[in-house]
Amino acid sequence: MAGDYIITGGRPLNGTVRVPAAKNSVLPLLAASLLCSGPVRLCGVPELADVAESLALLRSAGCTAERQGADVRVDGVPGSGTLAAGPAGRMRASILFCAPLLARLGRAQTVLPGGCRIGARPIDLHLAGLVQMGACPQLEGERLLLTAPAGLHGADITLRFPSVGATETLLLAAALAQGETTLRGAAREPEIEDLAAFLNRCGGRVQGAGTGTVRVQGVRRLHGCSFVPLPDRITAATFACACAAAGGRVELAGCAPRLYAPVLEILEQMGCGVVRRSDAAVITRFGRLYGPGRVFTGAYPALATDAAPLLAAVLLCAEGPGSIEDVIFERRFGCAAGFAALGGRVRVEGRTLYAEPGGTLQGTVLEAPDLRGGAALVLAGLGVGDGSCVRVLDAGHIRRGYADLAGDLRRLGADCRAGRTGTEAGRQTKKL
Ligand code: UD1
């Protein structure tokens, strides 16, 4: 859903944010619910556009999938192997729904997944692993058909890169496959551990999740369960960076600081105060921000690629130079044009964003390039201290990952509103 963000910066933040369940955990868990013979309840699921798209995908496969207050409930055996093209084409995570359909029906049809345009984002690792397990993929234009005439069987698979999505696809495929699957070079992100914990709660046999080698003993049947997904470390990083950009004191409750430790370490180096508790962190920034030097993303436990644009927004407010290289995605810094339009002294070379001090930030109209880049522009708006207004036009990216970013920032004391939707409002603002 389109909706603009109107920010007048210069106000310090003060308060507590309770970190919601992780989008990147909830989506694979919803895909996993297709494997279960019995109802699944995911507790405390934020109202994100990507969650709504995932529920639509589950319904297109013939399941009941609905919100019940703060929870989501999924029930019913999938009757169709064809996923609705609309939601599938709008979301990267739609590819995760194929392996469970393949496991249960021997067939899955979808369109190539969409999502943020931050790089090439191929699905070759997903497909190569599924082929080793007995699947036959056919790609015709945008349409992908996967069949497994003799069912899926275990395999010894080595990923050349620890892809989060490919690891999830192959865990999902292995859970009901015949025999044992060994996945080497697996991603070690906390969301993988969450998926394994869910599968095991449903009667699955997954060992080693969170390490580079995961072993799955296929079982005949998985039952349903009630499950609380892990908190969203990227949302926690967002509010930590918001506090650094705006100044003030923000407590992030319900999310272990170790899940986003690199972000907290970099903010500390830049001059923020960080107090770590077992499942909370308190960020303070009352003085100057220093440049962080050279910073790199990487696969977990390194700095998350999703946090890179958010940290880049903080760099705009620093009094020293800094750079962030994203080694995961080649076009991560789509927000750099917006930073420059605000007056930030930034440039992108290859995969690296460089920021120099000395820019004077001023309000203007910007366009959200993607989910995290859009959020980063909103954060940059918080750092504009001359009383001018920043308007971020958003075609619907930010709502994919934040249920109410403007409301959450407002509750912390920011002057941030969700404005009228769509380009019409944007055009009028541009004329002002
Ligand atoms: C997931 C997250 C996304 C995060 C990313 C990296 C979800 C829904 N999304 O995306 O927010 O930024 O992890 O932490 O969980 N690759 C291939 N072939 C493949 C698959 C991936 O070459 O088959 C490459 C990608 O182009 C990219 C790298 O591997 O360069 C990482 O991608 P991957 O870990 O798969 O990210 P996603 O699962 O798409």
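Residues numbered from 1 in each chain as written. Predicted model: local features only at pLDDT ≥ 70, side-chain atom pairs only at ≥ 80, totals over all residues. Heavy atoms only, no water.

Trainee: Break down the site of the ligand for me, with residues and values.
Mentor: Around the ligand, 18 residues are found, and the nearest of them are D124, S163, V164, D306 and I328. Between R92 and the ligand, the recorded distance is 2.9 Å, taken from a side-chain N or O atom to an oxygen atom. At 2.6 Å from an oxygen atom of the ligand is found a main-chain nitrogen or oxygen belonging to I328. Computed on the free molecule, the ligand has an accessible area of 740 Å², of which 89% lies beneath the protein chains in the complex. At a threshold of 2 Å from the grid points, most atoms of the ligand map onto the largest pocket. Counting residues per element, the ones that place at least two in the shell around the ligand are α5 (124-132) and α6 (164-175). (Near = heavy atom within 4 Å. Polar contact = N/O pair within 3.5 Å; in protein donor to acceptor, adjacent residues only side chain to side chain. Areas by Shrake-Rupley, 256 points an atom, 1.4 Å probe, with all protein chains shown as cover. 1 Å grid on protein atoms, 1.4 Å probe; cavity = no way out; pocket = protein on both sides within 12 Å on 5 of 7 lines; lining within 4 Å. Sits in = over half its atoms within 2 Å of the grid points. Helix = DSSP H or I, 4+ residues; strand = E, 2+ residues; numbered from the N terminus.)

Trainee: For helix α9 (residues 261-269), give the residues involved together with the corresponding values.
Mentor: If you check which residues of α9 are buried, you get P262, V263, L264, I266 and L267. Against α8 (233-246), β15 (273-276), β16 (280-285), β17 (293-296) and α10 (308-315) lie the buried residues of α9. (Buried < 20%, exposed > 50% of the residue type's maximum accessible area, 1.4 Å probe, protein only. Contact = heavy atoms within 4.5 Å.)

Trainee: An account of the pairing of strand β18 (residues 322-325) is needed here, citing residue identities and associated values.
Mentor: Regular strands have side chains that alternate between both faces of the sheet. Where β17 meets β18, four bridges bridge the pair, whose relative direction is parallel. For V295, the partnering residue across the bridge sits in β18 and is I324. In this fold, the crossover linking β17 to β18 by way of α10 has right-handed handedness. (Pairing = 2+ DSSP bridges. Right-handed = clockwise from strand over helix to strand, strands pointing away.)

Trainee: Which residues make up the environment of G69, and what values go with them?
Mentor: By the element assignment, G69 lies in the loop between β4 (64-68) and β5 (71-75). Placed 26 residues apart in sequence, G69 and C43 show a C-alpha to C-alpha distance of 9.4 Å.

Trainee: Talk me through the sheet that holds strand β14 (residues 248-253); I want residue IDs and the actual numbers.
Mentor: One open sheet holds the four strands; their spatial order is β2-β14-β16-β15, and the pairing between them is mixed. Where the open sheet ends on each side, the last strands, each with one partner, are β2 (13-18) and β15. Here the average twist between neighbouring strands, direction ignored, is 10 degrees. Where β14 lies against β16, six bridges are found, and the strand directions are antiparallel. Bridge pairing links V250 to I283 in β16. Across the sheet, α8 touches β2, β14 and β16, and the angle it forms with β16 is around 20 degrees. (Axes fitted to C-alpha atoms, helices over the stretch in contact; angles between N-to-C directions.)

Trainee: Explain the layout of surface pockets to me, and be specific about the residues and the numbers.
Mentor: Empty space among the atoms becomes apparent when a probe as large as a water molecule is rolled across them. Here the largest pocket is characterised by a volume of approximately 1,000 Å³. Of all elements in the fold, only α1 (23-32), α5, α6, α8 and α12 (371-382) reach the threshold of two or more residues within the lining of the largest pocket. Of the residues forming the lining of the largest pocket, the biggest block, four residues, is contributed by α1. Its residues placed into classes, the lining of the largest pocket shows 23 nonpolar, six polar and 16 charged. Computed from the structure, the second largest pocket encloses a volume of approximately 490 Å³. Those elements that place two or more of their residues in the lining of the second largest pocket are α2 (49-60) and α3 (85-90). Per-element accounting of the lining of the second largest pocket gives the leading share, three residues, to α2. Split into classes, the residues belonging to the lining of the second largest pocket amount to eight nonpolar, six polar and eight charged. (Points joined across faces, edges and corners; volume = space filled by probe spheres on them. Nonpolar A, V, L, I, M, F, W, Y, C, P; charged D, E, K, R; others polar.)

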